[in-house]
Amino acid sequence: MLTNCRTMRAAVLLSALLLAAGVLLGVIAMMTPLTVPTSQLALVLVLSAALLLAVIFLVALIPGVSRHMDECRH
């Protein structure tokens, strides 16, 4: 489960990378002849980044996890 500080940070970074990849692929989709499949993949990447970030936020709200997260160094 996402209770470790490093795991939470890694999940946030993964979310950021998915978002960046989706935006980059969206820009590339406008220049390629396969616009529809490429833009659909970009949409899936961006939505999965948002979903992952929402899951991380909800896990951080769990009382035991939030107490553990208070002990993390920032």
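Residues numbered from 1 in each chain as written. Predicted model: local features only at pLDDT ≥ 70, side-chain atom pairs only at ≥ 80, totals over all residues. Heavy atoms only, no water.

Points about the overall build of the protein
On a plain count of helices and strands, the protein comes out with three helices and zero strands. For the protein, the sequential pattern of α-helices and β-strands runs α-α-α. Summing over all exposed atoms, the protein offers an accessible surface of approximately 5400 Å²; the carbon and sulfur share of this is 76%. (Helix = DSSP H or I, 4+ residues; strand = E, 2+ residues; numbered from the N terminus. Areas by Shrake-Rupley, 256 points an atom, 1.4 Å probe, with all protein chains shown as cover.)

Focus on helix 1 (residues 5-29)
If you check helix 1, its first and last C-alpha atoms are 36 Å apart, about what 25 residues at 1.5 Å a residue would give, namely 36 Å. What helix 1 keeps buried is the set Cys 5, Met 8, Ala 11, Ser 15, Gly 22, Leu 25 and Ala 29. (Expected span 1.5 Å × (residues − 1). Buried < 20%, exposed > 50% of the residue type's maximum accessible area, 1.4 Å probe, protein only.)

A few points about a nonpolar patch on the surface
A grouping of Leu 19, Val 23, Val 27, Met 30 and Met 31 is seen on the molecular surface, where their side chains present a nonpolar patch of about 530 Å² in accessible area. Mapped onto the secondary structure, Met 31 falls in the loop between helix 1 and helix 2 (35-60). Under the relative-accessibility criterion, Met 31 is labelled exposed at 66%. (Patch = residues over 30% accessible without salt bridge, like charges linked within 9 Å, V, L, I, M, F, W, Y side chains within 5 Å. Salt bridge = Lys/Arg side-chain N within 4 Å of Asp/Glu carboxyl O.)

What about the environment of Leu 19?
Of note, Leu 19 is situated in helix 1. Other than its neighbours up to four places away in sequence, Leu 19 contacts Val 46 and Ala 49. (Contact = heavy atoms within 4.5 Å.)

Observations regarding the side chain of Thr 38
Within the secondary structure layout, Thr 38 lies in helix 2. Ignoring anything within four residues of it in the chain, the contact list for Thr 38 reads Leu 25, Ala 29 and Thr 32.

Notes on the confidence of the model for the protein
Per-residue confidence for the protein averages 85 on the pLDDT scale, and 84% of its residues sit at or above 70. Within the protein, the element-level pLDDT minimum falls on helix 3 (residues 63-70), averaging 67, and the maximum on helix 2, averaging 93. (pLDDT = per-residue confidence, 0-100.)

Points about the packing of helix 1 against helix 2
It is the contact of helix 1 with helix 2, at a shortest axis distance of 8 Å, that shows an interaxial angle of 160°. The angle between helix 1 and helix 2 places the two elements in the roughly antiparallel class. As for how helix 1 packs across helix 2, the hand of that crossing is left-handed. The residue inventory of the contact of helix 1 with helix 2, partitioned by class, reads 19 nonpolar, seven polar and no charged. (Axes fitted to C-alpha atoms, helices over the stretch in contact; angles between N-to-C directions. Parallel < 35°, antiparallel > 145°, perpendicular 65-115°, else oblique. Left-handed = near helix turned anticlockwise from the far one by under 90°. Nonpolar A, V, L, I, M, F, W, Y, C, P; charged D, E, K, R; others polar.)

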